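Summary of the model geometry
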Amino acid sequence: MKKVLGLTLAAVMTASLTACGGGKEASAVNNTPAAEAEKDSGAEGSTVKLGVIGPLTGPAATYGIAVQNGADLAVKEINAAGGVDGIMLDLKAEDDENDPEKTINAYNNLKDWGMQMLVGATTSKPCIAVSYETAADNMFQLTPSGSAVECVANDNVFRVCFADPDQGTASAKYIGENKLAEKVAIIYDSSTEYSSGVRESFVKEAPNEGIEIVADEAFTADTNTDFSVQLDKAKEAGAELVFLPIYYQEASVILKQAADKGFDPIFFGCDGMDGILTVENFDKSLAEGLMLLTPFSVTEESSKKFTEDYIAAYGTEPNQFAADAYDAVYAIAAAMKQGGITADMEISDMCEAMKTAMTEISIDGLTGAEMTWNAAGEPNKAPKAAKIVNGIYEMK
Amino acid sequence: MSFLSYLINGISLGSIYAIIALGYTMVYGIARMLNFAHGDIIMVGGFAIFTVVSTMNLPPLLGIFTAVVICTILGVVIERVAYKPLRGASSLAVLITAIGVSYLLQNVALLIFGSNARQFASVVNVPSLKLAGGALSISGVTIVTIVTCLVIMIGLTQFINKTKIGQAMLAVSEDQGAATLMGIDVNRTIAVTFAIGSALAAIAGALLCSTYPSLTPYTGSMPGIKAFVAAVFGGIGSIPGALIGGVLLGVIENLSKAYISSQLSDAIVFSVLIVVLLVRPTGILGKKIMEKV
């Protein structure tokens with residue numbers, strides 16, 4: 001029922017927008033109050049509404065807030081520069097608390113608001129859940145950071161980050177090529193698709209890189225506070241490196257407990273590790289030497305301007321998720337240009353045009369130069385790794 | 001050597017379960033109700049200590065003291081407001097109320113502290129013990145946990161058997177009506193029980209968060225459920241039973257993680273519970289009591 005209502009509302013809104021649309025927007029890029037007012041009332045006809053879904057509260061809030069801010073910054077920049085061929089972007093974020101059920105509510109709320117394309121969801125499980133909704137509505141979806149394989153199973157969904165198997169494979173390759181370790185232990189969360197997916201491909205790739213997996217230990221969402229046994233087994237097996245394809249929350253506890261045990265291998269994580277330096281009351285010296293596969297670092301030359309603007313706007317340092325979302329909005333803008341998107345298009349027509357356009361664009365983003373996409377929705381870019389030195393990421 | 005290390009970690013985890021289980025078992029034994037909010041009182045204790053020690057930078061002992069006071073008051077208030085009006089109501093009504101209180105506490109904590117996890121600075125500053133030339137290392141908090149658990153258990157047994165109010169508790173647990181006729185203030189006795197149980201929860205919170213240093217509004221819920229299992233395992237209502245149940249549960253959990261599968265540890269723990277209950281429906285030390293249905 002809600003869906004029908006949402007669709008009707010969206011249709012009514014689109015219709016009214018078209019009705020009052022005009023050619024005024026081109027002149028409205030200046031910040032005097034009068035111009036603002038004119039823009040608000042007159043240029044509505046050529047606004048494309050982007051929805052963002054992510055955990056804005058809850059244990060994974062760091063990701064969702066970063067995605068919201070990154071997308072917001074990109075939208076502001078694009079609008080300040082005159083929009084996408086004169087079409088303004090409008091952004092609204094909804095909270096899903098990293099819960100697939102709440103994601104559907106968030107999606108319905110955004111549709112009630114008039115969303116035409118979705119930037120989200122931020123985390124894998126919610127992303128998979130919402131991808132079936134967008135597929136049913138044939139709405140274009142670009143997830144900044146939903147990395148599980150199934151996230152882009154439907155052909156209307158694309159992503160900016162690497163898929164989990166690619167992260168696992170890339171991690172194994174990176175460890176092998178840089179000769180970081182031969183004996184590797186894995187501690188992963190068997191209750192999330194993200195963690196199991198990365199682990200699976202890591203295990204598959206490891207033998208090719210001369211890596212011996214000496215311990216392969218799991219935990220679940222219900223047992224994510226005590227890692228003493230897993231760490232003991234890794235230590236016992238003589239692991240030189242512990243691979244942690246998990247989120248930073250648990251990783252912070254693992255680092256603490258390993259330090260208490262006097263166990264000091266190299267710890268290596270994937271993109272879920274991003275955010276570890278933001279855990280409240282976390283002793284940052286524990287993360288010293290931690291390596292993680294990340295496509296973004298604030299210390300890189302190419303991300304300098306973004307980092308400064310981001311800090312000025314939101315008061316905190318951007319992380320990889322912010323960069324992913326920023327790139328996602330720019331990718332959408334590029335594809336809108338390429339596909340000749342207009343604000344009055346039906347959601348489904350817009351999706352079809354965007355699907356074709358995404359495979360034709362190439363953008364230089366924060367998370368990679370010359371990013372391209374294939375029709376399956378997967379990005380093509382080179383992986384990068386960082387090491388935490390003196391409390392900041394240093395690109396390797 | 002690794003076996004010993006797993007075993008000691010298991011006993012430490014089990015001791016925390018045991019301290020929480022003591023709270024469950026006392027309240028059940030005396031008030032005949034399952035206080036599902038018990039786990040969340042642990043969380044409140046954790047946040048009280050975090051606020052005093054990490055936010056206000058005061059000494060850890062003061063933090064623990066504050067937590068004990070806050071939790072004791074909270075326990076008594078919850079009993080007075082939520083459970084006392086239901087005395088005499090069906091046990092199902094009380095159970096549902098307890099679950100409601102549990103959610104209330106979690107959500108109030110969510111409102112006040114938000115749901116981002118905090119790294120809890122350990123309140124136990126005891127150096128770790130190195131045995132066998134450093135091959136076996138027992139952390140300070142593990143030792144403190146095990147010792148605290150034993151002290152609490154012995155203290156509680158003495159309290160119940162030797163003091164007047166302890167005797168009153170025993171009487172109330174046997175027969176509330178008869179106890180009233182003998183001049184025992186049942187309401188006061190039950191309030192004291194809640195006070196003691198909640199104070200124990202505060203101490204359990206300090207130890208739990210010091211051992212597993214991640215604090216969220218949901219911190220207490222899983223240990224709370226496991227401790228409830230431990231209480232049933234050992235025979236609910238029995239104080240030594242809570243200790244035995246808790247330690248056994250912790251050891252089984254850790255050993256099955258170490259030697260069978262780290263994924264299946266919870267499944268194994270709960271299977272053992274089912275088997276024990278099939279063989280001994282009242283738990284290891286539980287008394288067979290005929291109850292009117």
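Residues numbered from 1 in each chain as written. Chains lettered and ligands numbered in written order. Predicted model: local features only at pLDDT ≥ 70, side-chain atom pairs only at ≥ 80, totals over all residues. Heavy atoms only, no water.

1. Points about the overall build of chain A
Regarding its fold elements, chain A presents twelve helices and 15 strands. Taken across its 396 residues, chain A has 58% of its residues classed as buried. Working note: accessible area of chain A is about 14800 Å², and carbon and sulfur atoms make up 51% of it. (Helix = DSSP H or I, 4+ residues; strand = E, 2+ residues; numbered from the N terminus. Buried < 20%, exposed > 50% of the residue type's maximum accessible area, 1.4 Å probe, protein only. Areas by Shrake-Rupley, 256 points an atom, 1.4 Å probe, with all protein chains shown as cover.)

2. Notes on helix H1 (residues 2-31) of chain B
All names here are of chain B. A rise of 1.5 Å per residue sets the reference length of H1, with its 30 residues, at 44 Å; its end C-alpha atoms lie 43 Å apart and thus fit the reference within 8%. Counting buried residues along H1, 26 of its 30 residues qualify, which places the element largely inside the surrounding structure. Immediately beyond the C-terminal end of H1, within one or two residues, lies Arg32, with a positive phi of roughly 55°. (Expected span 1.5 Å × (residues − 1).)

3. Some words on the packing of aromatic side chains
Residues and elements named next belong to chain A. Considering all chains together, one arrives at 21 aromatic pairs over all chains under this definition. Seen in terms of ring centroids, Tyr63 and Tyr247 are 5.5 Å apart; in terms of plane orientation they differ by 50°. Their pairing is tilted. Here Tyr247 lies in the loop between strand E8 (241-244) and helix H9 (248-261) and Tyr63 lies in helix H3 (residues 61-80), a separation of 184 residues in the sequence. An aromatic cluster is built from Phe296, Phe306, Tyr310, Tyr314, Tyr326 and Tyr330, whose rings are joined through pairwise contacts. The residue whose ring lies beneath Lys49 is Trp113, and the NZ or CZ to ring-centre distance is 4.9 Å. (Phe/Tyr/Trp six-rings, centres within 6.5 Å; stacked < 30°, edge-to-face > 60°. Lys NZ or Arg CZ within 6 Å of the ring centre and 35° of its normal.)

4. Section: the nonpolar core
A:Ile276 and A:Met336 are the most contacted members of the largest nonpolar core, which totals 104 residues. The greatest single-element share of this core, amounting to twelve residues, is contributed by helix H11 (residues 320-339) of chain A. The residues contacting A:Ile276, other than those within four sequence positions of it, are A:Tyr248, A:Ala251, A:Ser252, A:Leu255, A:Phe282, A:Leu290 and A:Ile388. Residues B:Ala179, B:Phe194, B:Leu273 and B:Val276 belong to the second largest nonpolar core, which totals 74 residues. (Core = buried A, V, L, I, M, F, W, Y, C linked by side-chain atoms within 4.5 Å. Contact = heavy atoms within 4.5 Å.)

5. Considering the pairing of strand E15 (residues 392-395) of chain A
All names here are of chain A. In terms of strand pairing, strand E14 (residues 385-389) meets E15 through four bridges, oriented antiparallel. Considered in E15, the bridge of Val389 is made with Ile392. Where E14 folds back onto E15 in an antiparallel hairpin, the turn is made up of two residues, including Asn390, whose phi is positive at roughly 55°. (Pairing = 2+ DSSP bridges.)

6. Notes on the interface of chain B and chain A
Facing the 26 residues of chain B at the interface are 29 residues of chain A. In total, about 2400 Å² of surface goes out of reach between chain B and chain A, with carbon and sulfur atoms giving 48% of it. Viewed at the interface, chain A and chain B are joined by one salt bridge. As a salt-bridge pair, A:Asp226 and B:Lys257 come within 3.9 Å of each other at their nearest N and O atoms. (Buried area = accessible area lost by both parts, 1.4 Å probe. Salt bridge = Lys/Arg side-chain N within 4 Å of Asp/Glu carboxyl O.)

7. Considerations on the pairing of E14(A)
When strand E10 (residues 291-293) of chain A meets E14(A), the two strands line up antiparallel, connected through three bridges. Counted as the bridge partner of A:Leu293 is A:Ala385 from E14(A).

8. A few points about a nonpolar patch on the surface
A surface patch of nonpolar side chains, about 730 Å² in accessible area, is lined by B:Met56, B:Leu58, B:Leu62, B:Phe65, B:Val69, B:Ile73, B:Val77 and B:Val81. In this structure, B:Leu58 sits in the loop between helix H2 (38-55) and helix H3 (60-83). (Patch = residues over 30% accessible without salt bridge, like charges linked within 9 Å, V, L, I, M, F, W, Y side chains within 5 Å.)

9. Notes on the sheet that holds E10(A)
Residue and element names in this part refer to chain A. Across the sheet, seven strands lie side by side as E7-E6-E8-E9-E10-E14-E15; this open sheet has mixed pairing. Either end of the sheet is taken by a strand with one partner, and the two such strands are strand E7 (212-219) and E15. For this sheet, the mean inter-axis angle between neighbouring strands, taken without regard to orientation, is 25°. Its contacts with the sheet place helix H7 (residues 193-205) against strand E6 (183-189), E7 and E8, and it is angled at close to 155° to E6. Along the sheet face, H9 touches E6, E7, E8 and strand E9 (266-269) and points at about 175° away from the line of E9. (Axes fitted to C-alpha atoms, helices over the stretch in contact; angles between N-to-C directions.)

10. Side note on the pattern of salt bridges
Between side chains of opposite charge, pairing is possible as soon as their charged atoms come close. Residue and element names in this part refer to chain A. Evaluated as defined, the whole model comprises 16 salt bridges over all chains. For Arg199, the salt bridge is made with Asp216, and the minimal N-O distance between the two is 2.6 Å. Here Arg199, found in helix H7, pairs with Asp216, found in strand E7; they are 17 residues apart in sequence, far enough to count as distant. The structure contains a network of salt bridges with shared partners spanning Glu97, Asp99 and Lys102.

11. Observations concerning the sheet that holds strand E5 (residues 157-159) of chain A
All names here are of chain A. Pairing in this open sheet of five strands is parallel, and the strands run E2-E1-E3-E4-E5 from one edge to the other. Looking at strand neighbours, the two that pair on one side only are strand E2 (88-95) and E5, the edges of this open sheet. Taken over all neighbouring pairs, the strand axes of this sheet differ in orientation by 25° on average, direction set aside. Here strand E3 (residues 117-119) pairs with strand E4 (residues 140-143) via three bridges, running parallel. The residue bridging Leu118 from the neighbouring strand is Gln141, located in E4.

12. Re the environment of A:Lys304
Mapped onto the elements of the fold, A:Lys304 is located in helix H10 (residues 304-314). C-alpha separation for the pair A:Lys304 and A:Leu366, spaced 62 residues apart in sequence, amounts to 9.8 Å.

13. Let's talk about the packing of helix H5 (residues 140-162) of chain B against helix H6 (residues 164-174) of chain B
Residue and element names in this part refer to chain B. Where H5 meets H6, the closest approach of the two axes is 5 Å, and the angle between their N-to-C directions is 85°. Judged by the angle between their axes, H5 and H6 are roughly perpendicular. Between H5 and H6, the residues in contact are Phe159, Ile160, Asn161 and Lys162 and Lys164, Ile165, Gly166, Gln167, Met169 and Leu170, respectively. In the contact of H5 with H6, the residues fall into five nonpolar, three polar and two charged. (Parallel < 35°, antiparallel > 145°, perpendicular 65-115°, else oblique. Nonpolar A, V, L, I, M, F, W, Y, C, P; charged D, E, K, R; others polar.)

14. As for the confidence of the model for chain A
Of all residues in chain A, 89% have pLDDT values of 70 or greater, and the mean over the chain is 84. Note on residues 12-44 of chain A: pLDDT under 50 across the span, and 27 contacts to partners over four residues away in sequence or across chains. (pLDDT = per-residue confidence, 0-100.)

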